[in-house]
Each structure stands twice: as C-alpha cells, then as structure tokens.
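The residues making up each chain are set out below.
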Amino acid sequence: MGARIRQIRRARGLTLIQLADTAGLTHGFLSKLERGLASPSMASLDRITVALGTSQVELLAGQGNVQVSAVHRAGEGTAGSYGLGRARLLTTGNRRLQPMLYAGDNTDPGEFYQHAEDEFIHVTDGKVLVDLGPDGIEPLGPGDSLYLSGGTPHRWSTGGPEVYRLFIVKENPDAR
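Keep in mind the model is a prediction, meaning the values are calculated, not measured.

Conventions and cut-offs
- Residues numbered from 1 in each chain as written.
- Predicted model: local features only at pLDDT ≥ 70, side-chain atom pairs only at ≥ 80, totals over all residues.
- Heavy atoms only, no water.
- Helix = DSSP H or I, 4+ residues; strand = E, 2+ residues; numbered from the N terminus.
- Buried < 20%, exposed > 50% of the residue type's maximum accessible area, 1.4 Å probe, protein only.
- Areas by Shrake-Rupley, 256 points an atom, 1.4 Å probe, with all protein chains shown as cover.
- Pairing = 2+ DSSP bridges.
- Axes fitted to C-alpha atoms, helices over the stretch in contact; angles between N-to-C directions.
- Polar contact = N/O pair within 3.5 Å; in protein donor to acceptor, adjacent residues only side chain to side chain.
- Parallel < 35°, antiparallel > 145°, perpendicular 65-115°, else oblique.
- Left-handed = near helix turned anticlockwise from the far one by under 90°.
- Contact = heavy atoms within 4.5 Å.
- Nonpolar A, V, L, I, M, F, W, Y, C, P; charged D, E, K, R; others polar.
- Salt bridge = Lys/Arg side-chain N within 4 Å of Asp/Glu carboxyl O.
- Arc of directions from axis to C-beta.
- Core = buried A, V, L, I, M, F, W, Y, C linked by side-chain atoms within 4.5 Å.

## Topic: the overall build of the protein
- Each helix and strand counted, the protein has five helices and nine strands in total.
- Reading the protein from its N end, one meets helices and strands in the order α-α-α-α-α-β-β-β-β-β-β-β-β-β.
- Counting all 176 residues of the protein, 39% fall into the buried class.
- Accessible surface computed for the protein: about 9,100 Å², of which carbon and sulfur atoms make up 52%.

## With respect to the sheet that holds strand S1 (residues 79-82)
- Taken in spatial order, the six strands line up as S1-S2-S3-S9-S4-S7 in an open sheet, and their pairing is antiparallel. Looking at which strands have only one partner, the edges of the open sheet turn out to be S1 and strand S7 (145-148). Adjacent strand axes in the sheet meet at a mean angle of 25°, parallel and antiparallel pairs treated alike.
- Direction of pairing for strand S2 (residues 85-89) relative to strand S3 (residues 97-104): antiparallel, over a ladder of four bridges. Pairing of Leu89 across the sheet is with Met100, part of S3.

## Here we look at the side chain of Lys170
- Note on placement: Lys170 falls in strand S9 (residues 164-171).
- Note on Lys170: relative accessible area 2%, which makes it buried.
- Reaching out from Lys170, the side chain makes a polar contact with the backbone oxygen of Gly53 at a distance of 3.3 Å.

## Structural notes on the packing of helix H2 (residues 16-23) against helix H4 (residues 42-52)
- Packing of H2 against H4 brings their axes to within 8 Å, and their N-to-C directions diverge by 115°. Considering the angle they form, H2 stands roughly perpendicular to H4. Of the two elements, H2 crosses H4, and the hand of that crossing is right-handed. Mapping the contact onto sequence places Leu19, Thr22 and Ala23 in H2 and Arg47, Ile48, Ala51 and Leu52 in H4.
- Partitioned by chemical class, the residues of the contact of H2 with H4 number five nonpolar, one polar and one charged.

## A word on the pattern of salt bridges
- Enumeration according to the criterion identifies four salt bridges in this entry.
- One salt bridge connects Arg9 with Glu34, and the closest N-O pair in it is separated by 2.7 Å. In this pair, Arg9 sits in helix H1 (residues 2-11) while Glu34 sits in helix H3 (residues 27-34), placing the two residues 25 residues apart along the sequence.
- Judged by its relative accessible area of 8%, Arg9 is buried.
- Residue Glu117 is joined to Arg12 by a salt bridge in which the shortest nitrogen-to-oxygen separation is 3.4 Å. Of this pair, Glu117 sits in the loop between S3 and strand S4 (119-125) while Arg12 sits in the loop between H1 and H2, and the two are 105 residues apart along the sequence.
- Owing to a relative accessible area of 6%, Glu117 belongs among the buried residues under this scheme.
- What makes Arg12 partly exposed here is its relative accessible area of 22%.
- Within the structure, one salt-bridge network assembled from shared partners comprises Arg6, Arg9 and Glu34.

## Remarks on H1
- Of all the positions in H1, only Gly2, Arg4, Ile5, Ile8 and Arg9 are classed as buried. Along the long axis of H1, the arc covered by the buried residues comes to 160°, so they all point the same way. Turned more than 90 degrees away from the buried face of H1, the exposed residues are Ala3 and Arg10.
- Phi turns positive, to about 75°, at Gly13, one or two residues after H1.

## Things to note about the nonpolar core
- In terms of nonpolar packing, the biggest core is built from 18 residues, with Tyr82, Tyr102, Val128, Val130, Trp156, Leu166 and Ile168 touching the most fellow members.
- Listed by contribution, the elements that provide at least two residues to this core are S2, S3, S4, strand S5 (128-131), S7 and S9.
- Aside from chain neighbours lying at most four places away, what touches Tyr102 is Tyr82, Leu84, Gly85, Arg86, Ala87, Trp156, Tyr164, Arg165, Leu166 and Ile168.
- Counting 14 residues, the second largest nonpolar core, distinct from the first, contains Leu19, Leu25, Leu33 and Leu45.

Written out as structure tokens, the structure is:
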C-alpha cells in the first residue's frame, strides 16, 4: 500500500512534507509507510486518503497487469471504504477510468472532496443530496446523473431514510 500512496502523492504533485502537513501526520511516518516499514491505523489511512483526494478502496486496488479487455464478474472487485460509505471497483489494474458501485446511508455529508479528475455519478437507488459547495445542493433520485468537472468541491449524504446506491466513474490520474 505504501508504494501506491507514493504513486498517488507524486501524481498529485505533492512532496512528502506537503502530504504530511495536509494529513496532519509526520513526514517520518509517511516515509516509513511509503517504504513498507510502517502500517497505518484506520484513522491515519483515512487522513491520508482525504489529503490525497482518493479513497481506501482506490488505494487497495493496486495496479496489476492490464489486459486490453477483461470480463469482470458480479461480486468481483476490490471493495472497501470510500468516503462515508462502501464501494466496489468494477475493473482491475491501471485503467484510465475507475467505474465503481457505491452504497451509503450517511446523513452527515462529511468533508468536501476536491480532486483534479472528472467524475460521473449515476443514482441507481434511493435519494442523495450532492453538496457542490458554492454551487449549492443538487437533490438526485433514481435515474438522475451528475457530471463533476475536475476541481469541483463535492460531498454527499442521503436524501431519505433508505440506503442510496451510486454508479460512479472516476478518472484515474495514475493511468498511462
């Protein structure tokens, strides 16, 4: 995981000290982490993912070898925390696009995410409130979609009592 953190940090143009400052961690710890000499707690990993504008599931996905085309079967794919919910990646390897399924029931939208990559969101179930910061809040329901240009601050929460499910496609800044 340390090598993946280093790869994303460099792709974002961040120094180790800048990432440490943003994440509220020491650069010595991050250096050890990137070299595989330390393991992060869940709290530290969360701080790192927020500082990098990524998620735990994207960190765990790794690189792997990429085939020109590949079938991805139901239930396959790296799964884990993504923001305040859970996601499962629908591809493997270093792809230009990262499609994923996301589920959440958070009523608190949490911190804003802002990253250089474009992102597409499609609601498959439930209601979601997408907070776009200065651009306001967009309520979305099943069948609604939202395209976010890179750099757009965003966060989301449930717009109803039920779990909401999203199909998300995000650009991968590390893909060739």
